[in-house]
Structure formats: structure tokens, C-alpha cells
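Structure at a glance
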Amino acid sequence: MIYLQDLFSNPAIETISITAVIDTALCVGADSSSETLTEQPIVRTADNKLLIRASQIKRCLRHECEKIARGLGWPICQSSNAKTMCPQRTGFSEEEAKGLEREEYRVPNDNRYHCLICQMFGNSTLPSQIIFDDLICEKEPENLSEVLHPNVTINCDRCTLKDKKHYLLETSPANAKLRFKGDIHLQPDFPPDAKAIILAGLHQINALRGSKSARLGWVQWEFKRFCLK
Ligand SMILES: [Zn+2]
């Protein structure tokens, strides 16, 4: 059985505090094309504070780390479809499959190979070795003015506005430099060599986006220096 309190009380877990400073207005509930609340990266907490979902940060960071790992010559699988990720890697050529069969890609108690990125972020058979907190806005909601932007849906084929599709979007104030704080927890089996990739990956995230759009805003990161061996 897994006890939640044990997940973060283990001294072998390394915690990195990160702060996202948002330069542009954030659309609350964006990506509004997402059908469920869990797909919406920016929502509010129960006490009405703005919140960036952990899953949103994890998705962005995995994407950036994949690019860096490929650039460094590490063969890696293709996310985010489980079939094309380790250990299945459907559609990989024989040569590509051979490239992934390397000693560094072995994990304890498993005779299959898992690429560096899967060892960090997990896949359908391997738990993630990096756990993200939601990032919560430091500013109290009563000190944050509410901004409503009128919007309308367009029909791209007909170059017309869609009937009865006028709506209001709630956003945070623009240029408010809102700060969202949270932690990243590196689990004991996190590949030690990959910490530098995490650091570089965070630096590469300069915009937050929804699953289907790019309208969440520009972001800068602040985090404490952490030890790289
Ligand atoms: Zn993989």
C-alpha cells in the first residue's frame, strides 16, 4: 500500500521550488475548447485563487526535455500515445528499436527497456520519478481585479461569425506579473544525470498553452539553484 504522507517525507526525495511569473493575461478556464475541467490548465482553487495545473507543467516540461534529450543524442520514444512510447514503441524500425536497447535504459525488476525520458516522466508501465504540485497564485483573489473580455466564435469555412456564439472570457489583468508557486519532487529513483535536463527544460518553457491552443500566456521561471553532480 502507498501512504501519501510517505511520498514526500522520504529524505531521498529532492524538492525543487519553482515560481512561474506570467507576463500576459491568463484566461481562466482556458483552453475553453477542452471538454472536461481536468483538461483545463488554469482554473481556481476552492478559496478562489488562480491555479496552473500540475499536469500542464508536466506536459510542457516533458516536451522540452524530449527535445533536449534528442539534441544530446539520446534515442527516445514518441509521446504522448502509449502505443508509441516505451516499452511498446509501435512503428519503430528495427534500427530505431536496437538503438533503444542500451544498458542505461534498463530499470530494476523489469527486463524491458525504458528510454531516459520515460525513466524521468513515466509511461504506461513505469511510474513517474518526478511529481509536480499545482502552481498557485500568490496574490489574494480580492486583490486581483476580474477582467471580462467579450469574444465570439468564427466559422472559418464561411468567414462568418457563428450564430449565438458570443461569450465572455474571464482573464487576469494583463502585465500584472502574477507569480504562481509550487514544488517539483524528484523521487529516489530519478536518473541523477537527468537533473540537468530538467533545469534546462524549465528554462526552455517560455509560454504556457492549452491542449489545443496557444493562448495562455508568456512565462518566466524563477527557481532556487539546486545541486548538480
Ligand atoms: Zn520512452
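Owing to the predicted nature of the structure, the values given are computational and were not obtained by experimental measurement. (Residues numbered from 1 in each chain as written. Predicted model: local features only at pLDDT ≥ 70, side-chain atom pairs only at ≥ 80, totals over all residues.)

Take Pro108: it is sitting in the loop between strand S4 (106–107) and strand S5 (110–113). Separated by 81 residues in the primary sequence, Pro108 and Asp189 place their C-alpha atoms 9.8 Å from one another. (Helix = DSSP H or I, 4+ residues; strand = E, 2+ residues; numbered from the N terminus.)

With that out of the way, let us pick up the pairing of S5. As paired strands, S4 and S5 are joined by two bridges and run antiparallel to one another. Within S5, the position partnered with Arg106 by the bridge is Tyr113. Counting the residues in the hairpin turn of S4 and S5 gives two residues, including Asn109, whose phi is positive at 60°. (Pairing = 2+ DSSP bridges.)

This part takes up the nonpolar core. Cys115, Ile117 and Met120 are the most contacted members of the largest nonpolar core, which has 38 residues in total. At the level of elements, strand S1 (14–22), strand S3 (50–52), helix H2 (54–71), helix H4 (116–121), strand S6 (130–132), strand S7 (135–137), strand S10 (178–186) and helix H5 (195–204) are the ones that each hand at least two residues to this core. Excluding residues that lie within four positions of it along the chain, Ile117 makes contacts with Arg62, Cys65, Glu66, Ala69 and Ile76. (Core = buried A, V, L, I, M, F, W, Y, C linked by C-beta atoms within 7 Å. Buried ≥ 20, exposed ≤ 12 C-beta atoms within 10 Å, placed from the backbone. Contact = placed C-beta atoms within 7 Å.)

The subject of this paragraph is the packing of H2 against H5. Direction vectors running N to C along H2 and H5 enclose 115°, while the axes themselves pass 8 Å from each other. Here the hand of the crossing between H2 and H5 comes out right-handed. Judged by residue contacts, Leu61, Glu64, Cys65, Ile68 and Ala69 of H2 engage Ile197, Ile198, Ala200, Gly201, Leu202 and Gln204 from H5. Among the residues forming the contact of H2 with H5, the class breakdown is eight nonpolar, two polar and one charged. (Axes fitted to C-alpha atoms, helices over the stretch in contact; angles between N-to-C directions. Left-handed = near helix turned anticlockwise from the far one by under 90°. Nonpolar A, V, L, I, M, F, W, Y, C, P; charged D, E, K, R; others polar.)

Under the 1.5 Å per step criterion, the end-to-end length of H2 is 26 Å for 18 residues, consistent within 8% with the ideal 26 Å. For H2, the complete set of buried residues consists of Gln56, Ile57, Cys60, Leu61, Cys65, Glu66 and Ala69. Residues of H2 that are buried in the fold lie against S3, H4, S6, S7, H5 and strand S11 (207–208). One or two steps after H2, the chain reaches Gly73, where phi turns positive at roughly 90°. (Expected span 1.5 Å × (residues − 1).)

What follows deals with the environment of Glu96. The topology assignment puts Glu96 in helix H3 (residues 94–99). We classify Glu96 as partly exposed; it has 13 C-beta atoms within 10 Å. For the pair Glu96 and Cys77, spaced 19 residues apart in sequence, the C-alpha to C-alpha distance is 9.3 Å.

Moving on, we get to the confidence of the model for the protein. Residues of the protein with pLDDT of at least 70 account for 76%, and the chain-wide mean is 81. When mean pLDDT is taken per element in the protein, H4 scores highest with 96 and helix H1 (residues 4–9) scores lowest with 61. Here residues 31–35 is modelled with pLDDT under 50, and outside its nearest four sequence neighbours on either side it reaches 12 contacts, counting other chains as well. (pLDDT = per-residue confidence, 0-100.)

Along H5, the residues classified as buried are Ile197, Ile198, Gly201 and Leu202. Along the axis of H5, the buried residues cluster in a sector spanning 135°; they form a single face. (Arc of directions from axis to C-beta.)

With that settled, consider the environment of Ala20. By the element assignment, Ala20 lies in strand S1. Assessed through the 22 C-beta atoms surrounding it within 10 Å, Ala20 is described here as buried. As a C-alpha pair, Ala20 and Lys177 span 157 residues in sequence and 9.3 Å in three-dimensional space. Setting aside anything within four residues of it in sequence, one finds Ala20 in contact with Ile52, Leu135, Phe180, Val219 and Trp221.

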